[in-house]
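Residue-level structure breakdown
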Amino acid sequence: MKRRKTIRAGRLVWDIAYTVPRPNATPQERKRIREVTAEQVARTHCNTAQRKLELLMATNFEPEDLALTATYRDADLPASADVTRRRLGKVFAQLRAYRKARGLPELKYIYVLEGRHGDHRPHVHLIMNAVGGDLELFKSLWVWGDDIQLNYIRERGYDGWAGYLTKERREASLNGKKQFVGSRNLARPTVTYEWVDDGAMVDPPPGAQVLEDSGIRRNESASCRFVKYLLPKRTTSKSYAHARVVAGLECSATYDRGMEKKPKPSRQNRKTAYTKR
């Protein structure tokens, strides 16, 4: 028997089937486990952090949502990362108030503080749900710098942005330190487990877009396979009002899928018609 783990994050799905370690492992199997190096453990931690961020983004954000980068000017460089966190807290509070007053969707965000690569200038990477006019509003609130770059999640995809935002964890050996921070209203991926036969296949459903397939990996003690894919987009039926031009005049054209019903005459008109008879 194998253990199957399925992680659902919006349309993104990770499906893994793997051999569960046995309590009566052989000496050779136990030796292989003990020979894992510190570099392998660190690499595993980095990969886990990147995967968690990818799944969190896929659960809460759409490809059309924003990826902002805000950089400090020389005169307003922060003394520490805590200063940046307090400043961001003020910006987020203003964004929430702005959206709430206008009945817009609630603010969701994930941010990462960086400054260990390149010219070592502190800057902020921010993933944020879009509602329109976000760049102009953020520029008016981020008063500590003039360089604000706008990108979209679709440009790199969830995996690409997760790798980009966790690069300093790999380059600067930040294992053990929390690198990305999300708003409290973020939904979490759903995880399900089940037991399957050793020969059970892990296959994506029809219409899914396969992003990664490890194939079957084996060693002398275990085997596993994982598949990462995007589920098809759901199509929702909506009623639309179209406009058409007739003799130079714009007229409203309504499309009704049901049978047309003639309007009933008013009670007064019915009495008049009866009198005329």
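**Things to note about the overall build of the chain**
Scanning the chain from terminus to terminus reveals 7 helices and 13 strands. Sequence separation of 24 or more characterises 70% of the internal contacts of the chain that already satisfy a separation of 6 or more. Accessible surface, the chain as shown: approximately 18,800 Å² in total, 50% of it carbon and sulfur.

**Thoughts on the side chain of Asp65**
Looking at the secondary structure, you find Asp65 in the loop between α2 (38-60) and β3 (66-71). Despite its burial, Asp65 pairs with no opposite charge; the closest candidate is Arg99, at 7.5 Å N-O. Within the structure, the side chain of Asp65 is placed 2.9 Å from the backbone nitrogen of Ala130, a separation counted as a polar contact. Beyond its immediate stretch of four places on either side in the chain, Asp65 contacts Asn60, Met128, Asn129, Ala130, Asn151, Tyr152 and Ile153.

**Some words on the pairing of strand β5 (residues 123-128)**
Most of β5 is tucked away, with 6 of its 6 residues classed as buried. Alternating residues of β5 divide into His123, His125 and Ile127 and Val124, Leu126 and Met128, and every residue in both groups is buried. Pairing of β3 with β5, which is carried by 6 bridges, proceeds in the antiparallel orientation. Looking at β5, one finds that Thr71 is bridged to His123. In this sheet, β5 lies alongside strand β4 (residues 109-114) in antiparallel orientation, the contact comprising 6 bridges. By the bridge assignment, Glu114 is partnered in β5 with His123.

Criteria and cut-off values
- Along each chain, residues carry numbers from 1 onward, in the same order as the chain's sequence is written.
- Thresholds applied to this predicted model are a pLDDT of at least 70 for local features of residues and 80 or more for the giving and counting of side-chain atom pairs; totals over whole chains, interfaces and linings are not thresholded and use all residues.
- Values shown for side chains rest on all heavy atoms present in the structure; no hydrogens or waters enter the calculation.
- Helix numbering and strand numbering both begin at the N terminus, where a helix is a DSSP run of H or I of at least 4 residues and a strand a DSSP run of E of at least 2.
- Note on contacts: a residue pair qualifies if any of its non-hydrogen atoms lie within 4.5 Å across the two residues.
- In this description, accessible areas are obtained by the Shrake-Rupley approach with a 1.4 Å probe, and a residue is regarded as covered only by the protein chains that are shown.
- Note on classification: 1.4 Å probe, protein chains only; a residue is buried when its accessible area is under 20% of the maximum for its type, exposed when over 50%, partly exposed between these limits.
- In this tally, Asp and Glu contribute negative charge and Lys and Arg positive charge; neither His nor the terminal groups of the chain are included.
- The term salt bridge refers to a side-chain nitrogen of Lys or Arg lying within 4 Å of a carboxyl oxygen of Asp or Glu.
- Each polar contact in these results corresponds to two N or O atoms within 3.5 Å; when the atoms are within protein, one needs to be able to donate a hydrogen and the other to accept it, and residues that are neighboring in sequence are counted only if both atoms are side-chain atoms.
- The criterion for strand pairing is that DSSP finds at least two bridges linking the strands in question.

Read these as layout, nothing more, since geometry by itself doesn't imply function.
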